[in-house]
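# A closer look at the structure
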Amino acid sequence: RKLFYGQVQVRSLEIASNRNPKGWSGKRVFDIALQDQRVLKGLDIVRETGGPNRALVKEFRGVRVSDELTVALTPSASAAIREPILCGVEIVAEP
């Protein structure tokens, strides 16, 4: 088993109609866990980016990785849209 500490970037994008872009804030809210540890609570991509159709990258350092990286996305209880969005994950070993 190879063990290393890594920097993990989680990439996401909320694609929505521009008819009412402000109406999308708060609809899809979720938590992110890496290696069974919650690293972010209540992520709302539209609120963070200022509107839909804008990319978001969240970076987490010091993530302990051995054989595999476990990523869990859990919708908030109040989220109207229950499916979290994940567009990509990048892992870079830290020195």
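A few points on the structure. (Residues numbered from 1 in each chain as written. Predicted model: local features only at pLDDT ≥ 70, side-chain atom pairs only at ≥ 80, totals over all residues. Heavy atoms only, no water.)

When its secondary structure is counted, the protein chain shows 1 helix and 6 strands. Secondary structure elements in the protein chain, listed N-terminal to C-terminal, are β-β-β-α-β-β-β. For the protein chain, long-range pairs separated by at least 24 residues make up 71% of all intrachain contacts whose partners lie at least 6 apart in sequence. Carbon and sulfur atoms provide 48% of the accessible area of the protein chain, an area that totals close to 6,000 Å². (Helix = DSSP H or I, 4+ residues; strand = E, 2+ residues; numbered from the N terminus. Contact = heavy atoms within 4.5 Å. Areas by Shrake-Rupley, 256 points an atom, 1.4 Å probe, with all protein chains shown as cover.)

The sheet built from 3 strands is open, its strands ordered E4-E1-E6 with antiparallel pairing. What marks the edges here is a single partner per strand, and that holds for strand E4 (55-65) and strand E6 (88-93). The average angle at which neighbouring strand axes cross in this sheet is 20 degrees, direction not considered. Inspection of the sheet shows strand E1 (residues 4-13) paired to E4 by 9 bridges, in the antiparallel sense. Counted as the bridge partner of Leu-13 is Ala-55 from E4. (Pairing = 2+ DSSP bridges. Axes fitted to C-alpha atoms, helices over the stretch in contact; angles between N-to-C directions.)

Alignment of strand E2 (residues 29-34) against strand E3 (residues 37-44), held across 5 bridges, turns out to be antiparallel. Counterpart to Leu-34 in the pairing with E3 is Gln-37. Between E2 and E3, which follow one another and run antiparallel, lie 2 residues, and Gln-35 among them has a positive phi close to 55 degrees.

Take the side chain of Asp-44 next. Within the element layout of this structure, Asp-44 appears in strand E3. Looking at Asp-44, the relative accessible area reads 3%, which means it is buried. Within the structure, the side chain of Asp-44 is placed 3.4 Å from the side chain of Ser-25, a separation counted as a polar contact. (Buried < 20%, exposed > 50% of the residue type's maximum accessible area, 1.4 Å probe, protein only. Polar contact = N/O pair within 3.5 Å; in protein donor to acceptor, adjacent residues only side chain to side chain.)

This part covers the environment of Gly-23. Mapping Gly-23 onto the fold places it in the loop between E1 and E2. The exposure class of Gly-23 is partly exposed, given its relative accessible area of 26%. Sequence spacing of Gly-23 and Phe-4 is 19 residues, and the spatial spacing of their C-alpha atoms is 42 Å.

Let's shift gears to the packing of aromatic side chains. Tallied over the entire structure, the rule returns 0 aromatic pairs. For the cation-ring pair, Lys-27 lies above Trp-24, with the distance from its terminal atom to the ring centre recorded as 5.9 Å. (Phe/Tyr/Trp six-rings, centres within 6.5 Å; stacked < 30°, edge-to-face > 60°. Lys NZ or Arg CZ within 6 Å of the ring centre and 35° of its normal.)

Next up on the list: unusual backbone geometry. The phi torsion at Gln-35 lies on the positive side, around 55 degrees, for a residue other than glycine. Note that Gln-35 resides in the loop between E2 and E3. Positioned with a positive phi, Asp-36 is a non-glycine residue whose angle comes to about 65 degrees. By the secondary structure assignment, Asp-36 is in the loop between E2 and E3.

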